[in-house]
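Architecture at a glance
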Amino acid sequence: MTIPINKAAVIGAGNMGCGIAGLLAGAGMRVVLLDAIPSALSEEDIKKGLSEDTPAFRNRQVQAGFDRMRNPKSGQLFIKEHAEQISIGNTADDMRMLADCDWIIEVVVERLEVKKALMREIAKHRKKDCIVSTNTSGISVRRIAEDESDAFRSHFIGTHFFNPPQLMRLFEIIPTDETLPEVLRRMEIMGRDILGKGVVIAKNTPNFIANRIGVYSSVVAMQLMEKYGYDIPTADQLTGPVMGRPKSAVFRTTDMVGIDILADVAENITTCIPSEKEHFALPGFISQLLSNNAMGNKSGRGFYTRAQGKTSYWDPNAEAYVEFRPHTPEAVTSALKSENKYAAAVGGDGTEHRFWWELVKRMLIYSASKIPEITDDYRMIDKAMVWGYNWEKGPFEIWDAIGVK
């Protein structure tokens, strides 16, 4: 019989941590939400007469996250009353709140030593059968818990939600060699049956499945944009619905996620696997944008920006933003009208068709080459891209669509 998960703890009250806490509360679970105490008193704290021993100061960070979660505009709570199922505290004073939790999720900063230190504290308070998981998107899951006991490591696993967890269906589960089969089973049931997610089992490799394939595909599109001399809006036309991907395509999607996040994922992969450096080589204009604090929507400008009611896009040649004038290439219109847009796109003789074929060919070969490195089952790659990146078809489904001899 599978042990039920009735109470969970989320450690880290940032945007992702609060999103996960809201998701779990919405699924009927009791939730503990913890965060670190602030490093120092702020001017506002002093004006309020707070000291470093005052609960309002010590819980300031978790309270701020909790308040943002309860704001209807955050979208992190579908029903406001679900907030009543969440208890808050800080990691210095309230770790005892973990004692009766069935699942503890770490969602803190992506720094290995910070995560290891937190694991040492969690180990002091978790009960015997409690599962501990990390929501890391790039750090080795095994290394995070490598200093803990056999019993701890056997109940440790990676559980990677995609942001925002309320809306994104993908739930990557990353067991280690020491994770017990029943722990993996409990997480599969939790993700699929309780949280309503699409569950994908990934191996403990850099950035797991969806981001490994998705970021590779985005980087290739950016490399080919330069090779074929396209501007950013045209490249988005060529990598959007005609390729079975969202209208936001490559560049608008990256603006939404963050250009800095794309660069971090690419760097993490090449740092961990130097042989991948050529595959994830970002065009020079990426670092130029980042040096100008153009990180995407969160900074107000990225590949695109909007001012005075007009949208502009970054022109790498002019090294400036130029006015966006909507235009759909005829090859895109024609492919979208065909019975099989994938075959039509890669089967023509025009420049756009050569772009499509090179993009698709490289993506298909790369995906195939990652088996069994990132997963033993090619279908996991297809599911990850459909559920995590909102593609209509995964790489191997596209392969079928264009024809496999």
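Above this text you will find the structure in question.
Residues numbered from 1 in each chain as written. Predicted model: local features only at pLDDT ≥ 70, side-chain atom pairs only at ≥ 80, totals over all residues. Heavy atoms only, no water.

1. Looking at the overall build of the protein chain
- From N to C terminus, the protein chain includes 18 helices and eleven strands.
- Dimensions of the protein chain, computed from C-alpha atoms along their principal axes, come out at roughly 70 × 55 × 40 Å.
- Split into buried and exposed, the 405 residues of the protein chain put 51% on the buried side.
- Of the contacts formed within the protein chain by residues at least 6 apart in sequence, a portion of 68% connects residues at least 24 apart.
- Of the accessible surface of the protein chain, which amounts to about 18800 Å², a share of 50% is contributed by carbon and sulfur atoms. (Helix = DSSP H or I, 4+ residues; strand = E, 2+ residues; numbered from the N terminus. Buried < 20%, exposed > 50% of the residue type's maximum accessible area, 1.4 Å probe, protein only. Contact = heavy atoms within 4.5 Å. Areas by Shrake-Rupley, 256 points an atom, 1.4 Å probe, with all protein chains shown as cover.)

2. Brief notes about the nonpolar core
- The biggest cluster of nonpolar side chains holds 85 residues, and the ones touching the most others in it are Ile104, Ile122, Phe251, Phe303 and Trp356.
- A total of eleven residues in this core trace back to one element, the largest contributor, which is helix H9 (residues 210–228).
- When sequence neighbours within four positions are dropped, the list of residues in contact with Phe251 reads Met222, Met225, Ile232, Ala235, Asp236, Phe285, Phe303 and Tyr304.
- With 34 residues, the next largest nonpolar core counts Leu24, Met29, Met69 and Ile131 among its residues. (Core = buried A, V, L, I, M, F, W, Y, C linked by side-chain atoms within 4.5 Å.)

3. Considering the state of the cysteines
- According to the stated counting rule, one finds zero disulfides in the structure shown.
- This cysteine, Cys130, is not joined by any disulfide, and Cys101 carries the nearest cysteine sulfur, 6.4 Å off. (Disulfide = S-S within 2.5 Å.)

4. Focus on the packing of helix H1 (residues 15–26) against helix H4 (residues 60–70)
- One can describe the packing of H1 onto H4 by two numbers: an axis separation of 10 Å at closest approach and a directional angle of 55°. Overall, the two elements H1 and H4 adopt an arrangement that is oblique. As H1 packs across H4, the resulting crossing turns out to be right-handed. Packed against H1, whose contacting residues are Cys18, Ala21 and Gly22, the element H4 presents Gly65, Phe66 and Met69 at the interface.
- Looking at the contact of H1 with H4, its residues break down into four nonpolar, two polar and no charged. (Axes fitted to C-alpha atoms, helices over the stretch in contact; angles between N-to-C directions. Parallel < 35°, antiparallel > 145°, perpendicular 65-115°, else oblique. Left-handed = near helix turned anticlockwise from the far one by under 90°. Nonpolar A, V, L, I, M, F, W, Y, C, P; charged D, E, K, R; others polar.)

5. Quick look at the environment of Gly348
- Looking at the secondary structure, you find Gly348 in the loop between helix H15 (341–347) and helix H16 (351–369).
- Here Gly348 falls in the partly exposed class, since its relative accessible area comes to 26%.

6. Side note on the sheet that holds strand E8 (residues 198–201)
- Sheet architecture is open: eight strands sit in the order E3-E2-E1-E4-E5-E6-E7-E8, paired in mixed fashion. Of all the strands in the sheet, just strand E3 (86–90) and E8 have a single pairing partner and so form its edges. Averaged over all neighbouring strand pairs, the angle between strand axes comes to 25°, with direction disregarded.
- Here strand E4 (residues 103–106) pairs with strand E5 (residues 131–134) via four bridges, running parallel. Bridge pairing in E5 places Ile105 opposite Ser133. (Pairing = 2+ DSSP bridges.)

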